[in-house]
Amino acid sequence: MKKSMIIFSYNFLQVIFFPIFLFIAFFRIIFKKENFISFNQKVLCNYNFSKLNEFDYLIHFSSIGELNSIDYLVENLSNKKILLTCSTLSSYNLANKKYQKYSIIFLPLDLKWNVNKFLNHIKIKKIIWIDSEIWPNWLTISKKKKIKNILVNGRLSDKSFSRWMIFSSFSKLLGRKYSVIIAKSLEDKKKFEIIFDRNVFYCGNLKFYQKLNLKNNKKNIICFASIHKEEYEKVLKIIENLNLNSIEQIIIIPRHIHFSSKLKSIIKDDYLNKVLIIEKFGENNSAYENSKLTFMGGSLFEHGGQNPIEPLSRGCFVLSGQFINNFSEIYADLEDLSLAKVFKEKNFEEIASAINKYIDMELNNETNIKNYFNLNIKQLSSIIDKVEEC
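Since this is a predicted model, take the numbers as computed values, not measurements.

**Q** Honestly, the sheet that holds strand β4 (residues 123-130) in this entry has me stumped. Any pointers?
**A** Across a sheet, paired strands are connected by hydrogen bonds in the backbone, their directions being either parallel or antiparallel. The seven strands are arranged β3-β2-β1-β4-β5-β6-β7 in an open sheet whose pairing can be described as parallel. Of all strands in the sheet, those with a lone pairing partner are β3 (103-106) and β7 (201-202), marking the two edges. Of the strand pairs in this sheet, strand β1 (residues 54-60) and β4 are connected by six bridges, and their pairing is parallel. Across the sheet, Phe55 pairs through a bridge with Ile124, a residue of β4.

Listed below in structure tokens is the structure:
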């Protein structure tokens, strides 16, 4: 199929399904996954454009995970005029608390008419996309307007890689729309080079740029973090086999907090008094600071795992299930440094038995954690060089 035909089909389908999309969007407002501000900006591209004039950079972070990656960029591009854009309510609310001096808006969805409207009203020199943002209309239209597109901390899951490989000629076309592509790992670098058929850089992982808070003499607290609803039953089976006499508290952080009521409903009374469920955004780091062990979710089913950097930065010994293909390089490093353990077992009793041993160990990981973060942070300076030079 010709590349132009794929773009035409992509935009034609957007027109056909737009009424259905509006219907879904209204339901998202009812269920508080969107509000009228996000709907107005993302779907209808309605802004007070008089307050959004000209910017050196637009930095787009889709959700909270990507928001936590932009600190290094914002600090080192501080002499530039920056517009921050996001996609979720949670990231919008947190960004407004964190970056009060900056303009923060929802980015319009990748609808051709919206992208044209937005870029016709706002002058932008460069767009920095964080993580795995590959949007055909944004890339195509901005390129025509001579706006530089830069992918930073680029990540490509195995599923996304397989999907883009199906449309290899189209993915190569989109890859040429970027002025610079910087992957977050050597593994991601290889994936991007295959689907885009071009040179990709690796300059470290932005998520390593954060303040360390390493506490000694932590209490016997275990945190199950970023737990997906598909893992609720599995995590509870692990908890049922823990030695609760040795554990002071069990903290569970659902990946999506709106499912926390479901989690509460299936917790047994036998250990309910030991369990604390985090139901607010922004409390993760506090949970990590108090926990000796953190078991990362997304790893007990074929999701690919979750990033262990945040709990590690708070001095936790990190645990994970076997499905970690999205973060395999990091976990390999951490296991080599005795900072993590990846369970290959599918038996929840065996995982619980191992946790019972780890919970009583004395943590002596401060030096290894500091050295590991410092080593990774040193690589980041070249990201700024490549962003400014392109």
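**Q** Is there a simple way to explain the pattern of salt bridges in this structure?
**A** When the charged atoms of two side chains with opposite charge come close together, those side chains can pair. Applying the stated criterion across every chain yields a total of 14 salt bridges. In this structure, the salt-bridge partner of Arg28 is Glu34, at a minimum N-O distance of 3.2 Å. Judged by relative accessible area, Arg28 falls into the partly exposed class, the value being 33%. Salt-bridge contacts for Asp56 lead to Lys125; the nearest nitrogen and oxygen are separated by 3.2 Å.

**Q** Help me out: how do you make sense of the packing of aromatic side chains in this one?
**A** Any two aromatic rings considered together are summarised by their centre-to-centre distance and by the angle between their planes. The tally for this structure, following the rule as stated, stands at 21 aromatic pairs. Ring geometry for Phe23 versus Phe27: centroids 5.0 Å apart, planes at 65°, classification edge-to-face. Taken together, the residues Phe23 and Phe27, both in helix α1 (residues 3-30) and four residues apart, mark about one turn of the helix. Phe23 sits in the exposed class, given a relative accessible area of 54%. For Phe27, a relative accessible area of 38% gives the class partly exposed. Here a set of aromatic residues connected by ring pairs shows up, and it is made of Tyr47, Phe49, Phe118, Trp129 and Trp138. Sitting over the face of the ring of Phe55, Lys81 holds its NZ or CZ atom 5.1 Å from the ring centroid. Geometry around Phe201 places Lys386 over its ring, the cationic atom sitting 4.0 Å from the centre.

**Q** How do you make sense of unusual backbone geometry when you look at a structure like this?
**A** The backbone phi angle of Cys45 is positive, close to 55°, even though this residue is not glycine. The residue Cys45 is located in the loop between α2 (36-43) and β1 in this model. Residues other than glycine seldom take positive phi values, yet Ser338 does so here, at roughly 60°. Inspection of the secondary structure assignment puts Ser338 in the loop between α15 (328-336) and β13 (340-342).

**Q** How should the layout of surface pockets be read in this particular structure?
**A** In this model, the second largest pocket occupies a volume close to 300 Å³. The wall of the second largest pocket is formed by 24 residues, among which Ser185, Tyr202, Glu329, Ile330 and Asp333 lie closest to the centre. Of all the secondary structure elements, the ones that give two or more residues to the lining of the second largest pocket are α10 (186-196), α15 and α17 (366-377). Across the lining of the second largest pocket, the residue classes tally to nine nonpolar, eight polar and seven charged.

Definitions and cut-offs
- Residues numbered from 1 in each chain as written.
- Predicted model: local features only at pLDDT ≥ 70, side-chain atom pairs only at ≥ 80, totals over all residues.
- Heavy atoms only, no water.
- Pairing = 2+ DSSP bridges.
- Helix = DSSP H or I, 4+ residues; strand = E, 2+ residues; numbered from the N terminus.
- Salt bridge = Lys/Arg side-chain N within 4 Å of Asp/Glu carboxyl O.
- Buried < 20%, exposed > 50% of the residue type's maximum accessible area, 1.4 Å probe, protein only.
- Phe/Tyr/Trp six-rings, centres within 6.5 Å; stacked < 30°, edge-to-face > 60°.
- Lys NZ or Arg CZ within 6 Å of the ring centre and 35° of its normal.
- 1 Å grid on protein atoms, 1.4 Å probe; cavity = no way out; pocket = protein on both sides within 12 Å on 5 of 7 lines; lining within 4 Å.
- Points joined across faces, edges and corners; volume = space filled by probe spheres on them.
- Nonpolar A, V, L, I, M, F, W, Y, C, P; charged D, E, K, R; others polar.

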